[in-house]
Amino acid sequence: MKTNSVYSRKRFDIKCPDCGKIKKTTLSNLRVRGFCCVCNSNTSYPNRFIYSFLNNLNIEYEAEYSPSWAHKKRYDVYIPSLNTIIENNGMQHYTDKTFYDNTLSDTQRNDREKMEMAYKNGIANYIVLDCTESTVYHMKKSIIGSALFSILKLKDKLIDWDSIDMEARENAEKHICIDWEKDYDIDRIIEKYHKKRQAICKTLKNGAKYGWCSYDSNWNNRPVFCVNFQKRYGAISNATCIT
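Described in the following lines is the structure provided in the data block.

**Let's talk about the sheet that holds strand 3 (residues 62-65)**
Working step 1: Taken in spatial order, the four strands of this open sheet run 3-4-5-6, and their pairing is mixed. Strands at the two margins of the open sheet, each flanked by one partner only, are strand 3 and strand 6 (125-130). Going from strand to strand, the sheet's axes swing by 30° on average, the running direction of each strand aside.
Working step 2: Pairing between strand 3 and strand 4 (residues 75-79): three bridges, direction antiparallel. Of the residues in strand 4, the one forming a bridge with Ala63 is Val77.
Working step 3: Sitting on the sheet, helix 3 (residues 104-120) touches strand 4, strand 5 (84-89) and strand 6, and the angle it makes with strand 6 is about 155°.

**Concerning unusual backbone geometry**
Working step 1: In this structure, Asn58 is a non-glycine residue whose phi angle is positive, near 55°.
Working step 2: Residue position: Asn58 is located in the loop between helix 2 (45-56) and strand 3.
Working step 3: Judged by relative accessible area, which is 72%, Asn58 ranks as exposed.
Working step 4: Phi is positive for Lys153, close to 55°, though the residue is something other than glycine.
Working step 5: Note on placement: Lys153 falls in the loop between helix 5 (147-151) and helix 6 (161-181).
Working step 6: Relative accessible area serves as the criterion here: at 76%, Lys153 is assigned to the exposed category.

About the criteria used
- Residues numbered from 1 in each chain as written.
- Predicted model: local features only at pLDDT ≥ 70, side-chain atom pairs only at ≥ 80, totals over all residues.
- Heavy atoms only, no water.
- Pairing = 2+ DSSP bridges.
- Helix = DSSP H or I, 4+ residues; strand = E, 2+ residues; numbered from the N terminus.
- Axes fitted to C-alpha atoms, helices over the stretch in contact; angles between N-to-C directions.
- Contact = heavy atoms within 4.5 Å.
- Buried < 20%, exposed > 50% of the residue type's maximum accessible area, 1.4 Å probe, protein only.

Here you go:
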């Protein structure tokens, strides 16, 4: 049986061990970057949204694209059939904040260099998406307003944006909702997943939207357990009235 080196550029069908999705990638990319999938909680929501968007359209793509001519620079998404690169630009590409490693001028200079390099090496289309907000509304607006929508010859009414959003969130965020249903409080979830309170609350709110948990942003409606009475109440307001 013929074997292939982990440095091989030959493309194979690779199955994600977590969600079971299959995509084509090279062994070299798999070795360096792992399986970049819509279910990976370490991948940003905008990237997961784009993966889900392309998956729903049955468009083959390569995440974290880094060809030899890129000199170790990476592009978020490459679509071989269209010879198109997609860059999902977050807040650091538009705002100079102290908590980012690079200054805004450094980041934007790198953006220009990557674009020039791509065009010089034959890339046909270079799409930059504004991904400054992690919401389905913002991502939809950004995609429809970009050249990508016309390149793919799509019609808004034929795309199920909510299904794309749900897939982008499901495997990466559902486990947080499961812990919430196990009566984990916010602080315990923050400690477990090393995420900010605002991010956890937003995840739970989205989870409630898709029926993954019973989270209510109104704390008075949250179920509680009274240690003194050893009794569970359907809402904090109920426990307050009784006690």
